Amino acid sequence: METIKKLFKQCFLASILIFGFLSVSAQQSIEEVVVTATKQETSIQDIPISIEAFTSEDIDKNMIDDFSDLAEVVPGLIIDKAIGSGASYSMRGVGSYGVGAAVVGSLVVSMNGHEYGSSSIADTAFHDLERIEVLKGPQGTLSGRNAVQGLVNMVTKRPTSEFEGSVDVSMGNFNSQRTSMILNMPISDRLGMR
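Residues numbered from 1 in each chain as written. Predicted model: local features only at pLDDT ≥ 70, side-chain atom pairs only at ≥ 80, totals over all residues. Heavy atoms only, no water.

(A) Region of the structure containing the overall build of the protein. Scanning the protein from N- to C-terminus turns up four helices and 13 strands. Intrachain contacts of the protein at a sequence separation of at least 6 include 52% that bridge at least 24 residues. Surface exposure of the protein reaches about 13,100 Å², of which carbon and sulfur atoms provide 56%. (Helix = DSSP H or I, 4+ residues; strand = E, 2+ residues; numbered from the N terminus. Contact = heavy atoms within 4.5 Å. Areas by Shrake-Rupley, 256 points an atom, 1.4 Å probe, with all protein chains shown as cover.)

(B) Main features of the sheet that holds strand β7 (residues 107-111). Taken together, five strands build an open sheet; the order of strands is β3-β9-β10-β7-β8 and the sheet is mixed. This sheet does not close on itself; its edge strands, each paired only once, are β3 (51-55) and β8 (114-116). Between one strand and the next, the sheet's axes are offset by a mean angle of 20°, whatever the strand orientation. Across five bridges, the pairing between β3 and strand β9 (residues 129-136) is antiparallel. Among the inter-strand pairings, E52 is bridged to a residue of β9, identified as V134. (Pairing = 2+ DSSP bridges. Axes fitted to C-alpha atoms, helices over the stretch in contact; angles between N-to-C directions.)

(C) Summary view of the pairing of β7. Along β7, five of the five residues are buried, which leaves the element largely enclosed by surrounding structure. Across the two faces of β7 the burial is the same, with L107, V109 and M111 and V108 and S110 all buried. The pairing of β7 with strand β10 (residues 150-156) spans five bridges and is classified as parallel. Opposite V108, over in β10, you have L151 as the bridge partner. Relative to β8, β7 runs antiparallel, the two sharing three bridges. Residue pairing for β8: M111 is matched across the bridge by H114. (Buried < 20%, exposed > 50% of the residue type's maximum accessible area, 1.4 Å probe, protein only.)

(D) Representation of the sheet that holds strand β11 (residues 164-171). Spatially, three strands are ordered β11-β12-β13 in an open sheet, and the strand pairing comes out antiparallel. Strands at the two margins of the open sheet, each flanked by one partner only, are β11 and β13 (192-193). Two strands pair when backbone bridges link them, and β11 and strand β12 (residues 177-186) are joined in this way by eight bridges, in the antiparallel orientation. Looking at β12, one finds that V167 is bridged to M181.

(E) Molecular detail of the confidence of the model for the protein. Taken as a whole, the protein shows an average pLDDT of 76; of its residues, 70% reach a score of 70 or greater. When mean pLDDT is taken per element in the protein, β13 scores highest with 88 and helix α1 (residues 2-28) scores lowest with 65. (pLDDT = per-residue confidence, 0-100.)

(F) Examining the nonpolar core more closely. Ranked by size, the top nonpolar core spans 21 residues in total, and within it F67, L70, F126, I132, V152 and M154 carry the most contacts. Looking at this core, the elements that each hand over two or more residues are α3 (67-73), β4 (77-81), β5 (87-91), β7, β9 and β10. In contact with I132, not counting residues within four places along its chain, are E52, A53, F54, I59, I64, L70, F126, V152, N153 and M154. Counting seven residues, the second largest nonpolar core, distinct from the first, contains V35, I51, L135 and A147. (Core = buried A, V, L, I, M, F, W, Y, C linked by side-chain atoms within 4.5 Å.)

(G) A look at a nonpolar patch on the surface. Taken together, V167, V169, M171 and M181 make up a surface patch of nonpolar side chains, about 480 Å² in accessible area. No other element matches β11, which puts three residues into the nonpolar patch. Note that V167 resides in strand β11. (Patch = residues over 30% accessible without salt bridge, like charges linked within 9 Å, V, L, I, M, F, W, Y side chains within 5 Å. Salt bridge = Lys/Arg side-chain N within 4 Å of Asp/Glu carboxyl O.)

(H) Structural detail: unusual backbone geometry. Positive phi outside glycine occurs at F174, with the angle close to 55°. With respect to the helices and strands, F174 occurs in the loop between β11 and β12.

See below:
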């Protein structure tokens, strides 16, 4: 009986050491993601709201080219394309189902802090983005009275001090073609354009 107790204690101590080591190594591998959803740069782990953030690598890896692709990777976000142009959105079951110039949507879409008409941005492809932040739930304090569903914040890449550019050409079935060009041009030490 005494040997069983000793064996049990040793197994218990060994499991504590193993799980303690695994939890420490798992904590060290978490990458810090910085978002500007609260109008200031904050770690995503310090924001007490439901948020999905995608870096430029995540956007390329998940092939997020427009809003319909974004809806495929964000749980709870549904986009219904309208006839012609525009779309209606619902997030977490709350939706604004009218489409048109007189309809004010309850999902705020902003790019670099400036609000876009969320219905019109559904027809626009994403291009040269640094990150996409999707905040779920009411965001009226910082984003205005119509942010009942949430906020989609897109941040474009900033100009750098290097003269560089790239061209990306994609072709596919049914004569589909997509060309994307980026040119980064520094004008002076404090001024540049991309």
